[in-house]
Amino acid sequence: MYRKLLSLSLAVLFALSLVACSPDPSTDNPVNPGQSSSDATSVSNPAVLSDPNHYVETISDNLKIDARIVPLPDDAEPGVYLGSVPQLNQEIVDNFLATLGDSVAVVNQDEYLDELKMWNYFLDTEKQAFFGSNYSVESIDVPDYRLSYSSSQWHWYNNVIHYKEPYQRVRYPEQDNSHRYQEPKSFAFATEDEALEQVQAILNSLGIYNAEVIETLYLDHAIMAEEEKTPLSLNAMTGKGGEPEYKPQWTEDDDAYYFIFNIAHTGIYLQPSMNANTDLPYAGSTVDVLYGKDGLVWLVIGNPWVFGELVESAEALMPTEDVISRVKEILQFSATPYTRTVDEIALRYYYRQDGDRILLRPCWVASVLGEDIPNEFMGQVMGEPYDDYSFIIFDAITGQEL
């Protein structure tokens, strides 16, 4: 799922409200038609692991496995859990804004498609906040949690931060500048830990307790001043026409931390995106926060799932050896003219509808790097070959491919 500081906070919320995410590359990996869900956990020639955290095998000239197997935390408790999202209403948002010291000038309430209610706050400090309530998908009411907040300074950061998730950087390296902000730094206004503590307190006030940082960008003012002059930033500023607007001056007061979170349960993360072939359209979760000297600069939250009651234990969790064997079978079945390498296998969670409830289920995810993929459409060459990731995902208990 692609994350970027969008030019309008409302655009962020609109994207989060969509019931379908962008197509996942894993749809290029068809399941073996000879394998039914009933025998999904049965594999032939299971792999033999000599190293529990790494597996290497050359299957053919253009197909191999050189995979890091992400170890489970010592306190991991994989299983099937009831899923929900925290309550979000106007009172909670009012209290959240009051904590930040903002007073509301105008509140507009609108309805989106007669299902999704949205509130638009115009704050007297030239800040804005948006949030939405519930919407319905077929027979089930989804407690949709979407909140966006932006300060009067956020657009300057939006001009110079062009962020793509790690697997997307392979496909679109020219659209990402996150590498410019990855060197750890401690800014004068707060250390990284001190800033994160304040951010966690903000998230806790919004009912979010299970968000874990997966990446931090260190927004140094000197680097942002340089990035503002790059073609990437210039294109972002002038993409809709008009003249670029440069910040008059970048100083230490503009230094900030950009925290990218993922929802987790006992150290096992939620899968951010996958095929939308479950009963409930899949959009993942989003929790991104930009925090600077004056506090919260930008925040966007979408569906931060909460793990509730344990419904089914994972005693029959699909073993890693069987996962590797299943991955090999599918990769060999879907032959390609380009090189593919499985470079990571990890246990994750995904959500799906089960009658009138949402279940959070464990799944195995294999990341597959394709290199020099032909850039063709309907037999016509559209451009230079490219690299990209696809994903093979199994339910970790049933073994069913998702």
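Data block above holds the structure.
Residues numbered from 1 in each chain as written. Predicted model: local features only at pLDDT ≥ 70, side-chain atom pairs only at ≥ 80, totals over all residues. Heavy atoms only, no water.

Chemist: How should helix α5 (residues 192-205) be read in this particular structure?
Modeler: It helps to recall that an α-helix has 3.6 residues per turn; residues three or four apart then point in one direction. Over its 14 residues, α5 extends 20 Å from the first C-alpha to the last, a length consistent with the 20 Å expected when each residue adds 1.5 Å. Of the residues making up α5, those classed as buried are A195, V199, I202 and L203. All buried residues of α5 fall inside an arc of 95° around its axis, so they share one side. For α5, the exposed residues lying more than 90 degrees away from the buried face are D193 and E197. The inward-facing, buried residues of α5 abut α2 (90-99), β10 (211-219), β11 (256-265), β13 (286-292) and β14 (295-302). Positive backbone phi, at 85°, marks G207, one or two positions downstream of α5. (Helix = DSSP H or I, 4+ residues; strand = E, 2+ residues; numbered from the N terminus. Expected span 1.5 Å × (residues − 1). Buried < 20%, exposed > 50% of the residue type's maximum accessible area, 1.4 Å probe, protein only. Arc of directions from axis to C-beta. Contact = heavy atoms within 4.5 Å.)

Chemist: How should the pairing of β14 be read in this particular structure?
Modeler: Each regular strand carries side chains that alternate between the two faces of the sheet. With 8 of its 8 residues buried, β14 lies for the most part within the structure. Looking at chain direction, strand β9 (residues 146-150) and β14 are connected through 5 bridges and run antiparallel. Across the sheet, L147 pairs through a bridge with I301, a residue of β14. As defined by bridge partners, β13 adjoins β14 across 7 bridges and the pair is classed as antiparallel. (Pairing = 2+ DSSP bridges.)

Chemist: Would you explain the side chain of H221 in this entry?
Modeler: With respect to the secondary-structure elements, H221 resides in helix α6 (residues 221-227). Discounting chain neighbours no more than four positions away, the residues touching H221 are W250, T251, E252, D254 and D255.

Chemist: Mind showing me how you'd approach the packing of aromatic side chains here?
Modeler: The geometry of an aromatic ring pair is captured by the separation of the ring centres together with the interplanar angle, meaning the angle of the planes. This structure, assessed with the given rule, holds 16 aromatic pairs. Between F96 and Y149, the aromatic rings sit 5.8 Å apart at their centres with planes inclined by 80°, giving edge-to-face as the arrangement. With F96 in helix α2 and Y149 in strand β9, the pair connects residues that are 53 residues apart, well separated along the chain. Judged on exposure class, the residue F96 and its partner Y149 are both buried. Taking the centre distance of 6.3 Å and the plane angle of 50° together, the rings of F259 and F261 count as tilted. Like F259, the residue F261 is buried in the burial classification. Taken together through their ring pairs, the aromatic side chains of F187, F189, Y218, Y257, F259 and F261 make up a single cluster. When the ring centre of Y386 is taken as reference, the NZ or CZ atom of R171 above it lies at 3.7 Å. The ring of W250 is capped by K247, whose NZ or CZ atom sits 5.3 Å from the centre of that ring. (Phe/Tyr/Trp six-rings, centres within 6.5 Å; stacked < 30°, edge-to-face > 60°. Lys NZ or Arg CZ within 6 Å of the ring centre and 35° of its normal.)

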